[in-house]
Amino acid sequence: MNPLTPHCRELASPGIFQTVLSVLIIFGILMSYLPQHIRIITRRSSFGISPYFVLLGVTSGTSAFANILVFPTTAQDVACCQEISGIACFAGLLAIFQMSMQWLCFFSILLLFVIYFPRATSPTNPITPVSTSPSGPTYRTALVVTGICLLHALATIVISVAFELRSPAAIPAWANFLGVLAAVLASIQYLPQIYTTLRLQCVGSLSIPMMCIQTPGSLIWAASLAARTGWAGWSIWGVLVVTACLQGTLLTMAIYFEYFGPNHKREAGHRTDQSQDQSQDRDQDRDGFGSVEGTHGPVAVDRPSEETPLLQSQ
């Protein structure tokens, strides 16, 4: 039996704490995105979500996922799976599973964004018809964003396979390029959404619970990946640190507009007026008569009941 290489020997005995933490991060990624998926589906609208935020998020996730797939250490991990146990192999590939889960969850947001795009109303006001407010992204913009995301994923796959077959020596440089691209896209990913939320002064279909989970979760995930890859894998976990900082800024804005902003006060006042009107209607129904304005003030007017004659004298 051939002795294990130093790298495979390290994977053969994974730490229990690191393995459990990595598995919990996978479930945490899934659970953090579910509130956003559920909010769009229950509202049946993606109003308030910037298409450019979705575009940058999907392309950034695709680049980060491709980065870890072509990273030289990943190839070594996969090769070691032939020499170590299945549990140790699973533990060694958890970083790939984490990136794939994040990409899949954000790609699901892209699909829901297109399916529930508010086509019948203005993209800047959910109760205003499109014809009266043409400003803002249109459904055509959402389709273009989807097409760009698919073309970017296809181009990334083709280039990665070409490097693997024709120029394996260039793989590390290509992996670092993907990591830098993912970091740059993630750095500006939240800027369009911050602008959209600031302009609308409301959260819309953006999920606050998702950001509450992901902001600290991204920092924990980054620490986990840094412990596994070290400083050499800065292009993998550095993007998560940048994302956490920008997402925290958006979270602060969303909480303010949702609970303390001007739109929240107007909605609260509108709900109060509606409840008062409904209470007055119930009182009138209970008393059996309403009132109309007369020359000397309100005059009681009998309302029809079961005992009211069908034909009344003039």
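With an unreviewed UniProt entry as reference, the protein is termed PQ loop repeat protein, source organism Penicillium brevicompactum. Note on the protein: under the UniProt heading Subcellular location (unreviewed entry), the record states "Membrane".

Draft legend 1. Here's a closer look at the packing of helix 3 (residues 51-70) against helix 6 (residues 94-115). Here helix 3 crosses helix 6 at 155 degrees, and the two axes come no closer than 9 Å. Between helix 3 and helix 6, the angle is such that the two are roughly antiparallel. Considering the relative orientation of helix 3 and helix 6, their crossing is left-handed. Contact with helix 3, carried on its side by Pro51, Phe53, Val54, Gly57, Val58, Gly61, Thr62, Ala64, Phe65, Ile68 and Leu69, involves Ala95, Ile96, Met99, Ser100, Trp103, Phe106, Phe107, Leu110 and Phe113 of helix 6 and no other residues of that element. The class makeup of the residues in the contact of helix 3 with helix 6 is 16 nonpolar, 4 polar and no charged.

Draft legend 2. Geometry of helix 9 (residues 208-229). Across its 22 residues, helix 9 extends 31 Å between first and last C-alpha, which sits within 8% of the 32 Å expected from 1.5 Å per residue. Along helix 9, the positions that sit buried rather than exposed are Ile208, Met210, Met211, Gln214, Thr215, Ser218, Trp221, Ala222, Ser224 and Leu225. Measuring from the side-chain oxygen of the N-cap residue of helix 9 to the backbone nitrogen of Met210 gives 3.2 Å; that N-cap residue is Ser207. Of the residues trailing helix 9, Gly230 is marked for its positive phi of about 75 degrees.

Draft legend 3. Representation of the packing of helix 2 (residues 16-43) against helix 6. With their axes 9 Å apart at the nearest point, helix 2 and helix 6 run at an angle of 0 degrees to one another. The angle between the axes of helix 2 and helix 6 places the two elements in the roughly parallel class. Contacts between helix 2 and helix 6 involve Thr19, Ser22, Val23, Ile25, Ile26, Ile29, Leu30, Tyr33, Gln36, His37, Ile40 and Ile41 from the former and Leu94, Phe97, Gln98, Met101, Gln102, Cys105, Phe106, Ser108, Ile109 and Leu112 from the latter. Its residues assigned to classes, the contact of helix 2 with helix 6 shows 15 nonpolar, 7 polar and no charged.

Draft legend 4. Geometry of unusual backbone geometry. For Arg44, which is not a glycine, the phi torsion comes out positive at approximately 55 degrees. Mapped onto the elements, Arg44 comes out in the loop between helix 2 and helix 3. Residues other than glycine seldom take positive phi values, yet Gln201 does so here, at roughly 55 degrees. Within the secondary structure layout, Gln201 lies in the loop between helix 8 (171-200) and helix 9. When its relative accessible area of 31% is taken as the criterion, Gln201 is described as partly exposed.

Draft legend 5. Fine view of helix 8. Taking 1.5 Å of rise per residue, 30 residues should cover 44 Å, and helix 8 covers 44 Å from first to last C-alpha, within 8% of that figure. Backbone geometry just after helix 8 places Gln201 at a positive phi near 55 degrees.

Draft legend 6. Spotlight on the layout of surface pockets. Considering only enclosed or pocket space, the largest pocket measures out at about 480 Å³ in volume. In terms of lining residues, the largest pocket is bounded by 25 residues, among which Glu10, Leu11, Asp77, Arg228 and Thr229 are the most central. For the lining of the largest pocket, the leading source of residues is helix 9, giving 4 residues. Grouping the constituent residues of the lining of the largest pocket by class yields 13 nonpolar, 9 polar and 3 charged.

Draft legend 7. A look at the UniProt feature "transmembrane region" (unreviewed entry) in the protein. Mapped onto the present numbering, the UniProt feature "transmembrane region" (unreviewed entry) falls at residues 12-31, 52-72, 84-117, 138-163, 169-191, 203-222 and 234-257. Taken end to end, residues 169-191 is 91% helix and 0% strand, and its two terminal C-alpha atoms sit 36 Å from one another. Secondary structure within residues 203-222 divides into 75% helix and 0% strand; the distance between the first and last C-alpha atoms comes to 27 Å.

Draft legend 8. Structural context of the packing of aromatic side chains. Applying the stated rule across the entire model yields 11 aromatic pairs. Residues Tyr33 and Phe106 carry aromatic rings whose centres are separated by 6.1 Å and whose planes lie at 75 degrees to one another, so their mutual orientation is edge-to-face. Pair noted here: Tyr33 is in helix 2 and Phe106 is in helix 6, with a separation of 73 residues, a long-range link. Of the two residues, Tyr33 and Phe106, neither departs from the other in class, the shared state being buried.

Draft legend 9. Molecular detail of the state of the cysteines. On inspection of all chains with the given rule, the structure shows 2 disulfides. Each sulfur of the disulfide joining Cys8 and Cys80 lies 1.8 Å from the other. Taking the torsion about the S-S bond as the criterion, the Cys8 to Cys80 disulfide, at about -80 degrees, is left-handed. Within this pair, whereas Cys8 is found in helix 1 (residues 6-12), its partner Cys80 is found in helix 4 (residues 72-80), the two being separated by 72 residues in sequence. Residues Cys8 and Cys80 agree in their burial class; the two are buried. Covalently, Cys81 is tied to Cys89 through a disulfide, its sulfur atoms 1.9 Å apart. Judged by the torsion about the S-S bond (80 degrees), the Cys81/Cys89 disulfide is right-handed. For Cys81, a relative accessible area of 21% gives the class partly exposed. The connectivity of the disulfide-linked cysteines in the protein, indexed sequentially, is 1-2, 3-4.

Parameters at a glance
- Residues numbered from 1 in each chain as written.
- Predicted model: local features only at pLDDT ≥ 70, side-chain atom pairs only at ≥ 80, totals over all residues.
- Heavy atoms only, no water.
- UniProt positions renumbered as here; feature names shortened; annotations may be inferred.
- Axes fitted to C-alpha atoms, helices over the stretch in contact; angles between N-to-C directions.
- Helix = DSSP H or I, 4+ residues; strand = E, 2+ residues; numbered from the N terminus.
- Parallel < 35°, antiparallel > 145°, perpendicular 65-115°, else oblique.
- Left-handed = near helix turned anticlockwise from the far one by under 90°.
- Contact = heavy atoms within 4.5 Å.
- Nonpolar A, V, L, I, M, F, W, Y, C, P; charged D, E, K, R; others polar.
- Expected span 1.5 Å × (residues − 1).
- Buried < 20%, exposed > 50% of the residue type's maximum accessible area, 1.4 Å probe, protein only.
- Polar contact = N/O pair within 3.5 Å; in protein donor to acceptor, adjacent residues only side chain to side chain.
- 1 Å grid on protein atoms, 1.4 Å probe; cavity = no way out; pocket = protein on both sides within 12 Å on 5 of 7 lines; lining within 4 Å.
- Points joined across faces, edges and corners; volume = space filled by probe spheres on them.
- Phe/Tyr/Trp six-rings, centres within 6.5 Å; stacked < 30°, edge-to-face > 60°.
- Disulfide = S-S within 2.5 Å.

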